[in-house]
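Below are the chains, spelled out letter by letter.
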Amino acid sequence: MIRYGFHLSIAGKKGVAGAVEEALSLELSAFQIFAKSPRSWRTRPLSPREVEEFRALRENAGGLPGVVHASYLVNLGAAGELWEKSVMSLADDLEKAQILGLEYVVVHPGSGPLERVKEGALKAFRLAGVRKKPRLLLENTAGGGEKVGSRLEELAFLLEDTPFGACFDTCHAFSAGYPLHHDPKGVIGELDRVVGLERVPVIHLNDSVGGFGSHIDHHAHLLQGQMGEALKAVVRDARLQGKVFILETPRGPEEDARNLQILKAWLEAS
Ligand SMILES: [Zn+2]
Ligand SMILES: [Zn+2]
């Protein structure tokens, strides 16, 4: 069985604890959050009360696996001040995830030399003083421009000799030119050969608005993008059982109900 959930908002009064409440009310078995605004460098400390409430709710829910998505401003391949700010921002997310007891932090590698990206990720990890959790996951990207991480070989390089793992986004992979629409099993096989599925605990389950190989990073709801039914083979792939699947499409009561209905039907079909 896979575990699945949405990317949830922490904007409400209860902050991060509100996200767990929402996960429970939607009967999700996993969730993802931003630990701060993803489009601003500003951060705020988590209040002790918020942390306590979050941890208690999550414990009651049997430990519900949770992912923190790092800020979109982070560019670990940048030079100078932007690199420093990126490292600090990622370290802040790793610290917050550690305080909250969450399993994973996902970050996009950014643009620039791969060695620099790797150095930045390692520095953030050291600065955060991560002990057992969270595990830092580098996400594959749609590529285009100077962006790195659209090829699985690049992720493999970033992971080599580190404690890091990878997060595999189906929309990004498809728009980077991995044929999930024709050969989902083959693409998962390639992910296993190049990165190793034991290093990929989180899958971002998004369909794609942009075409195959378009390098367009625009997520579509299940069955509303270019891959359609082909994604069913991904959630049902025996090699991905036990993984955490996160849907990252715009939320709304109708959208949520529809996405959950499709996902459940896919999982139940024989
Ligand atoms: Zn992402
Ligand atoms: Zn993603």
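Criteria and thresholds
- Residues numbered from 1 in each chain as written.
- Chains lettered and ligands numbered in written order.
- Predicted model: local features only at pLDDT ≥ 70, side-chain atom pairs only at ≥ 80, totals over all residues.
- Pairing = 2+ DSSP bridges.
- Helix = DSSP H or I, 4+ residues; strand = E, 2+ residues; numbered from the N terminus.
- Axes fitted to C-alpha atoms, helices over the stretch in contact; angles between N-to-C directions.
- Buried ≥ 20, exposed ≤ 12 C-beta atoms within 10 Å, placed from the backbone.
- Right-handed = clockwise from strand over helix to strand, strands pointing away.
- Parallel < 35°, antiparallel > 145°, perpendicular 65-115°, else oblique.
- Left-handed = near helix turned anticlockwise from the far one by under 90°.
- Contact = placed C-beta atoms within 7 Å.
- Nonpolar A, V, L, I, M, F, W, Y, C, P; charged D, E, K, R; others polar.
- Arc of directions from axis to C-beta.
- Core = buried A, V, L, I, M, F, W, Y, C linked by C-beta atoms within 7 Å.

### Examining the sheet that holds strand 7 (residues 202-204)
Strands sit in the order 1-10-7-6-5-4-3-2 across an open sheet of eight strands; the sheet is parallel. Each edge of the open sheet carries a strand with a single partner, namely strand 1 (3-6) and strand 2 (31-34). Here the strands of the sheet are splayed against their neighbours by 30 degrees on average, with no regard to which way each runs. Here strand 3 (residues 66-69) runs beside strand 4 (residues 104-107); their pairing, made up of three bridges, is parallel.

### Details of the pairing of strand 2
By the alternation rule, side chains of strand 2 split into F31 and I33 and Q32 and F34, which are all buried. Regarding the hand of the β-α-β motif, the stretch spanning strand 2, helix 2 (residues 48-60) and strand 3 is right-handed.

### What about the packing of helix 5 (residues 152-159) against helix 7 (residues 184-194)?
In contact at an axis separation of 9 Å, helix 5 and helix 7 are set at 30 degrees when each is read in the N-to-C sense. Between helix 5 and helix 7, the angle is such that the two are roughly parallel. By crossing handedness, the relation of helix 5 to helix 7 is classed as right-handed. Touching L152, E153 and A156 of helix 5 are E190, L191 and V194, all from helix 7. In terms of residue class, the contact of helix 5 with helix 7 is made up of four nonpolar, no polar and two charged.

### Thoughts on the environment of E21
Among the secondary structure elements, E21 is positioned in helix 1 (residues 16-25). Taking the number of C-beta atoms within 10 Å as the measure of exposure, E21 has 16 and is therefore partly exposed. For the pair formed by E21 and L223, sequence separation is 202 residues and the distance between their alpha carbons is 28 Å.

### Comments concerning helix 5
Of the positions making up helix 5, those classed as buried are L152, E154, L155, L158 and L159. One side of helix 5 holds all its buried residues, which, seen down the axis, span an arc of 155 degrees. Those residues of helix 5 that are buried are in contact with helix 4 (114-128), strand 5 (135-139), strand 6 (165-169) and helix 7. Where helix 5 ends, the next residue or the one after it, D161, has phi of about 60 degrees, a positive value.

### Remarks on the nonpolar core
One finds V105 and L137 to be the most contacted residues of the largest nonpolar core, which totals 75 residues. Among residues more than four places away in sequence, those in contact with L137 are Y104, V105, V106, F164, G165, A166, C167 and V202.

### Some remarks on unusual backbone geometry
Look at the link from K133 to P134: it is a cis peptide, with omega at 0 degrees. With respect to the helices and strands, the residue P134 is situated in the loop between helix 4 and strand 5. Residues other than glycine seldom take positive phi values, yet D161 does so here, at roughly 60 degrees. Looking at D161, the number of C-beta atoms within 10 Å reads 8, which means it is exposed.

### Brief notes about the packing of helix 1 against helix 2
The relative placement of two packed helices comes down to the angle between their axes together with the axis-to-axis distance. Relative orientation of the contacting elements helix 1 and helix 2 amounts to 20 degrees, with a least axis distance of 8 Å. Of the possible angle classes, the one that applies to helix 1 and helix 2 is roughly parallel. Along this stretch, helix 1 crosses helix 2, giving a crossing that reads as left-handed. Side by side, helix 1 and helix 2 meet where V16, A17, V20 and E21 of the first sit next to E50, E53, F54, L57 and R58 of the second. Tallied by class, residues from the contact of helix 1 with helix 2 come to five nonpolar, no polar and four charged.

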